[in-house]
Amino acid sequence: MARTDEPGYMRIARELRDRITAGADGYRPGDRLPTLPQLAETHDVSEPTVRQALGLLRVEGLIESRARAGTLVRARPPVQRLALDRYRWKGPAGAAGAAARAQGLGWSEYRLDKRFERAEADGELAALFEAEPGLRLLARHFVVYDNDVPTQMSTSYVRWSDVVGTPVADPLLEPWPGGTAAQLATLGIRVVRVTESLRGGMPTPEEVEALRIGKGVPVFRITRRHIAEGGRVVEVAHPIVRRADTTIVDYAVDLDEA
């Protein structure tokens, strides 16, 4: 039930939001919203009030304005589940391939933008690698697309001494079947453990642009580490960024009753 003291623009935004998220019974992706004067008349408010309401929805990534097309409902990417077993799957590109499998899609429906560069570990990265600052690294920047919709961006760091002069350092070979663990296995590095930490937050301007989301849509940032035999950290992805409204992170804990 709406609050009696709810500002008019918030009430209008809520009502439009409900219709946009209602599915088949509401506005669908690509539908054009009524014009500013029409909405003002329907809701018995001024046009500036309607403009405020639309501004909220635009920040949330629910609508967009196009020249000569008006205000349209934006398409939303499908919800994807990140399951615990995604690093065990041996299909294309590890976690991204597991997401493809979960959606019933083939790898051909994914696109991967990539950029590789040399880097040195700052204090934060050095701590994640359990090494000294200045450690030489290969930084691999990725954006994963599902049917031309960006779903994930990440920067993955591997030790320069491990990969220099090897196929792992060649961006033309990405995506690599089996992902990072399979890559490192070709170098004789056996990954025995993967750790992740997850936190939520609001997107940076770079993340808004890369993932094509509204400034008001929160994101998940995941820090992942691949750890080899002997406890040596051989890869750090920091961060893996996904929009929070279309990502479900699944966890399971088996409790020993014995």
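A brief structural summary.

Cut-offs used in this document
- Residues numbered from 1 in each chain as written.
- Predicted model: local features only at pLDDT ≥ 70, side-chain atom pairs only at ≥ 80, totals over all residues.
- Heavy atoms only, no water.
- Helix = DSSP H or I, 4+ residues; strand = E, 2+ residues; numbered from the N terminus.
- Buried < 20%, exposed > 50% of the residue type's maximum accessible area, 1.4 Å probe, protein only.
- Contact = heavy atoms within 4.5 Å.

1. A few points about the overall build of the protein
Here comes step 1: Counting secondary structure elements, the protein contains 8 helices and 10 strands.
Here comes step 2: Residues counted as buried form 43% of the 258 residues belonging to the protein.
Here comes step 3: Put simply, of all contacts in the protein between residues at least 6 apart along the chain, 60% involve residues at least 24 apart.

2. Digging into unusual backbone geometry
A negative phi angle is the norm for most residues apart from glycine, just as the trans form is the norm for most peptide bonds.
Here comes step 1: A cis amide bond links E174 with the next residue in sequence, P175, at an omega value of 0°.
Here comes step 2: Tracing the backbone shows P175 in the loop between α6 (160–163) and α7 (179–185).
Here comes step 3: A cis geometry characterises the amide bond from H238 onward to P239, with omega recorded as -5°.
Here comes step 4: Mapped onto the elements, P239 comes out in strand β9 (residues 233–243).
Here comes step 5: Phi at D44 takes a positive value of approximately 55°, unusual for a residue other than glycine.
Here comes step 6: Relative accessible area serves as the criterion here: at 71%, D44 is assigned to the exposed category.
Here comes step 7: Positive phi is not limited to glycine here, since E130 has a value of about 55°.
Here comes step 8: Looking at the element boundaries, E130 is found in the loop between α5 (123–129) and β5 (136–146).

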